[in-house]
Amino acid sequence: AQSVTQLGSHVSVSEGALVLLRCNYSSSVPPYLFWYVQYPNQGLQLLLKYTTGATLVKGINGFEAEFKKSETSFHLTKPSAHMSDAAEYFCASPYGGATNKLIFGTGTLLAVQP
Amino acid sequence: ETGVTQSPTHLIKTRGQQVTLRCSSQSGHNTVSWYQQALGQGPQFIFQYYREEENGRGNFPPRFSGLQFPNYSSELNVNALELDDSALYLCASSPPSGGRDTQYFGPGTRLTVL
């Protein structure tokens, strides 16, 4: 069965530091992978998605992620954290092959310290 | 362009009652998916509606049911509420181009069951 695993339920970084949020997937077929962000008391917003082609995907707000098949990973990074990046981040993969039905990881709560 | 809207924003019910949550999809989107997000967890896929028919269901009991209307808006109904049904319920819509499209999420309805 397809699934995504997010390592680290809480990550804390200093403002200006590198952000690295980890996601590993399990799948027997080439996956489609997504990162969503959820700000407090809000719904989910798409940060970026990998479908096919270039393995380094750039998203909104300066985030990017690299699809590494050999490591079954799709980690999210941002070179320099900003206070406004504090939120919960979810990695997701399609459910049953359709990209509009998603399996989500358990989420990583990012705190940014001044 | 109006995004996905949900109503109500908050709701308090008691165990055994029934509840109806509503979702208006983004303009032009004909597919609506519902997710349940328990506190501290990632969203879990409940079911999806496409052209007024259920198009896939997650691991939820039959007391979770839905409808989609000709204007593509949707309802989620939950009967015989249980304490564990307390969660944020998210609706997401997708445009009419097969399954390989991004979902756009609404802000959610926070349901509390006492």
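Every chain is numbered on its own, with residues counted from 1 as its sequence reads. Chains and ligands are labelled by the order in which they are written, letters from A for the one and numbers from 1 for the other. The model is predicted, so local features are restricted to residues of pLDDT at least 70 and side-chain atom pairs to those at 80 or more, both for listing and for counting; the totals for chains, interfaces and linings are taken over all residues. Where side-chain values are given, they derive from all heavy atoms of the structure, hydrogens and water being excluded.

A. Fine view of the interface of chain B and chain A. Listed by partner, the interface residues are 26 residues for chain B and 19 residues for chain A. Defined here as a combined quantity, buried area equals the accessible surface (1.4 Å probe) lost by two parts on assembly, summed across both. Here chain B and chain A share an interface that buries about 1700 Å² over both sides, 48% of which is from carbon and sulfur atoms. Think of a salt bridge as a Lys or Arg side-chain nitrogen and an Asp or Glu carboxyl oxygen that are within 4 Å of each other. For the pair chain B and chain A, the number of links is zero salt bridges. Throughout this description, a polar contact denotes any pair of N or O atoms lying within 3.5 Å of each other; where both atoms belong to protein, one of them has to be capable of donating a hydrogen while the other can accept it, and for residues adjacent in sequence the pair is counted only when both atoms sit in side chains. Remark: the boundary between chain B and chain A carries five residue pairs in polar contact (both at pLDDT 80 or more). For the side of chain B that touches chain A, the secondary structure elements donating two or more residues are strand S4 (31–37), strand S5 (44–50), strand S6 (53–57) and strand S9 (87–94) of chain B. Only DSSP runs of H or I with at least four residues qualify as helices, and only runs of E with at least two residues qualify as strands; both kinds are numbered from the N terminus onward. The leading source of residues in the side of chain B that touches chain A is S4(B), at four residues. In this description, contact between two residues means that some pair of their heavy atoms is separated by no more than 4.5 Å.

B. Quick peek at the pattern of salt bridges. In this structure the tally under the stated criterion is six salt bridges over all chains. Between Lys58(A) and Glu64(A) there is a salt bridge whose closest N-O contact spans 2.8 Å. When salt bridges that share partners are traced, they join Arg63(B), Glu82(B) and Asp85(B) into one network.

C. Focus on the nonpolar core. Residue and element names in this part refer to chain A. Ranked by size, the top nonpolar core spans 25 residues in total, and within it Trp35, Leu48, Leu76 and Tyr89 carry the most contacts. Mapped onto this core, the elements with two or more residues apiece are strand S2 (10–14), strand S3 (19–26), strand S4 (33–38), strand S5 (44–50), strand S7 (64–68), strand S8 (73–78), strand S9 (87–95) and strand S11 (108–113). With four residues, the top contributor of residues to this core is S3. Once residues within four sequence positions are removed from consideration, Leu76 is found in contact with Val19, Leu20, Leu21, Trp35, Leu47, Leu48, Phe63, Glu64, Ala65 and Tyr89. The set of buried Ala, Val, Leu, Ile, Met, Phe, Trp, Tyr and Cys residues whose side-chain atoms join them within 4.5 Å is what this entry labels a nonpolar core. For each residue, the accessible area found with a 1.4 Å probe, counting protein chains only, is set against the maximum for its type, and the residue is called buried under 20%, exposed over 50%, and partly exposed in between.

D. Focus on the packing of aromatic side chains. Any two of the Phe, Tyr and Trp rings considered here, Trp counted by its six-membered ring, make a pair once their centres fall within 6.5 Å; the pair's planes then place it as stacked at under 30 degrees, edge-to-face at over 60, or tilted in between. Scanning the entire structure with this criterion turns up 14 aromatic pairs over all chains. Ring geometry for Tyr50(A) and Phe67(A): centres 4.3 Å apart, planes at 15°, overall stacked. Taken together, the residues span a long stretch of sequence, with Tyr50(A) in strand S5 and Phe67(A) in strand S7 at a distance of 17 residues. Both residues of the pair, Tyr50(A) and Phe67(A), count as buried. Measuring from centroid to centroid gives 5.1 Å for Phe60(B) and Phe64(B), while their planes differ by 65°, and the two rings are edge-to-face. By the burial criterion, Phe60(B) is buried, and Phe64(B) matches it. Within the aromatic cluster, the residues linked to one another by ring pairs are Phe34(A), Tyr36(A), Phe90(A), Phe104(A), Tyr35(B), Phe45(B) and Phe105(B).

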